[in-house]
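Secondary and tertiary structure notes
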Amino acid sequence: MLLHIPDVFTKAEVAALRRTLDAGPWADGNMTSGHQSATAKKNLQLPEDSDVAREVSALIVQALNANPMFVSAALPHTIFPPLFNRYEGGGEFGVHVDNAIRQRSGVGGDLRIRSDLSATLFLSEPEDYDGGELIIEELYGAQSVKLPAGDLVLYPSKSLHRVTPVTRGARVSSFMWLQSLVRDDADRESLFRLDVATQRVNLDKGPKDQAVIELTGLYHNLLRRWSEV
Ligand code: NI
């Protein structure tokens, strides 16, 4: 499932994040690639241990953990600290699959996650650049994604994907991986659909309605069955 999550940040918040990010120490993006993808990537990234990356990354994780749609769809266990990239002047990222495992060593100790889900948070408005579409291959065909600044797309990390060349302006975004409480994409999607349906009945009938109580119980049972903690 590929999911568009709107308004993770307001336009004013995006502008503030961009002011911080744009002043950061941007460097060649190949420093974070896995060895298989290094040749296919042409962009700039913020070093993951830079103050700017750490500061904005923490704000993004905070916003995502407070976003009900994100939490329901991703069921996050651990969000790997978000990274930042910038494509301009023909910059692109050829077709690839993200690494299955991500790890880094830091002040808080070692972190190692299984990449279940990948996400891109758009931090440039679509009209400010040409190209720069995120193309995600799905079973039923390729999806082209280019979202308003402040919006996020969530997709399975196993998907083949690429970023088309940016031929005008600059495309700044944050990208991230996370380990979900529910490893299987189909199980996670079923839980999300059940949650959305339950919320819908809840809005209509109220939380004391018998159907809402039964659906909530079903969700509880399935999450306990499928989650890995
Ligand atoms: Ni990727």
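Residues numbered from 1 in each chain as written. Predicted model: local features only at pLDDT ≥ 70, side-chain atom pairs only at ≥ 80, totals over all residues. Heavy atoms only, no water.

Re the overall build of the protein
Selection rule: Strands are runs of DSSP state E lasting at least two residues, helices are runs of H or I lasting at least four, and both sets are numbered from the N terminus onward. Three exposure classes are used, based on accessible area relative to the maximum for each residue type with a 1.4 Å probe and protein chains only: buried under 20%, partly exposed in between, and exposed over 50%. The contact criterion used throughout is that any non-hydrogen atoms of two residues lie within 4.5 Å. The protein chains shown are the only cover counted for residues, whose accessible areas, like all others here, come from Shrake-Rupley with a 1.4 Å probe. By the counting rule applied here, Lys and Arg register as positive and Asp and Glu as negative, while His and the ends of each chain are not counted. By convention, the point assigned to a charge is CZ for Arg, NZ for Lys, CD for Glu and CG for Asp.
Broken down by element type, the protein carries 5 helices and 16 strands. In terms of overall dimensions, the protein has a C-alpha envelope of 60 × 35 × 35 Å along the principal axes. Per-residue burial for the protein yields a buried fraction of 47% across its 229 residues. Put simply, 75% of the contacts in the protein that link residues at least 6 apart link residues at least 24 apart. Entry remark: accessible area of the protein is about 11500 Å², with carbon and sulfur atoms responsible for 53%. Positive and negative charge centroids in the protein, built from 24 and 30 side chains respectively, lie 2 Å apart.

Some remarks on the coordination of the nickel ion
Rules: Each metal's donors are the N, O and S atoms found within 2.8 Å of it, except that Na, K and Ca use a 3.2 Å limit; water is left out, so coordination can look incomplete.
Here the nickel ion is held by H96 (NE2), D98 (OD) and H161 (NE2), and the distances to it run 2.1 Å. Between the donor residues of the nickel ion, the gaps in sequence give the motif H-x1-D-x62-H. Of the two residues, H96 and D98, neither departs from the other in class, the shared state being buried.

Section: helix 1 (residues 11–22)
For clarity, the threshold we go by: Expected span of a helix, by definition, is 1.5 Å for each gap between consecutive residues, and there is one gap fewer than residues. Arc definition: directions from the helix axis to the C-beta atoms.
When the terminal C-alpha atoms of helix 1 are compared, their 16 Å separation across 12 residues agrees well with the 16 Å that a helix rising 1.5 Å per residue should span. Those residues of helix 1 not exposed but buried are V14, L17, R18 and L21. Along the axis of helix 1, the buried positions cluster into a sector of 105°, meaning they face one direction only. Set apart from the buried face of helix 1 by more than 90 degrees, the exposed residues are A12 and R19. Looking at the packing, one finds that the buried side of helix 1 touches helix 2 (51–65), strand 6 (83–88) and strand 16 (166–180).

A short note on the domain arrangement of the protein
Formally: Domain start and stop positions are those given by an automatic or database domain assignment. Two parts placed together each lose some accessible area under a 1.4 Å probe, and adding up what both lose gives the buried area. Counted as salt bridges are all cases of a side-chain nitrogen of Lys or Arg within 4 Å of a carboxyl oxygen of Asp or Glu.
Domain parsing of the protein yields domain 1 (3–180) and domain 2 (185–226). Each of domain 1 and domain 2 was reduced to a C-alpha centroid, and the two centroids are 30 Å apart. Facing the 11 residues of domain 1 at the interface are 7 residues of domain 2. Around 680 Å² of area is buried between domain 1 and domain 2 when both sides are counted, 59% of it from carbon and sulfur atoms. The interface formed by domain 1 and domain 2 contains 1 salt bridge.

Description of the side chain of D98
Condition: For this analysis, a polar contact is any N or O atom pair within 3.5 Å, provided that within protein one partner can donate a hydrogen and the other can accept it, and provided that sequence-adjacent residues contribute only side-chain to side-chain pairs.
Position of D98 relative to the elements: it lies in the loop between strand 7 (92–96) and strand 8 (101–106). In this structure D98 is buried but unpaired, with R102 as the nearest side chain of opposite charge at 5.1 Å. A polar atom in the side chain of D98 sits 2.9 Å from the side chain of S118. If sequence neighbours within four positions are ignored, D98 has contacts with S118, Y155, S157, H161 and W177.

Comments concerning the sheet that holds strand 3 (residues 41–42)
Worth spelling out the cut-off: At least two DSSP bridges between two strands are required for those strands to pair.
Taken in spatial order, the 5 strands line up as 3-7-15-12-13 in an open sheet, and their pairing is antiparallel. Only two strands of the sheet have a single partner each, and these edge strands are strand 3 and strand 13 (141–145). Bridge count between strand 12 (residues 134–138) and strand 15 (residues 161–163): 3 bridges; the pairing is antiparallel. Residue I136 lies in a different strand from strand 15, and its bridge partner there is H161.

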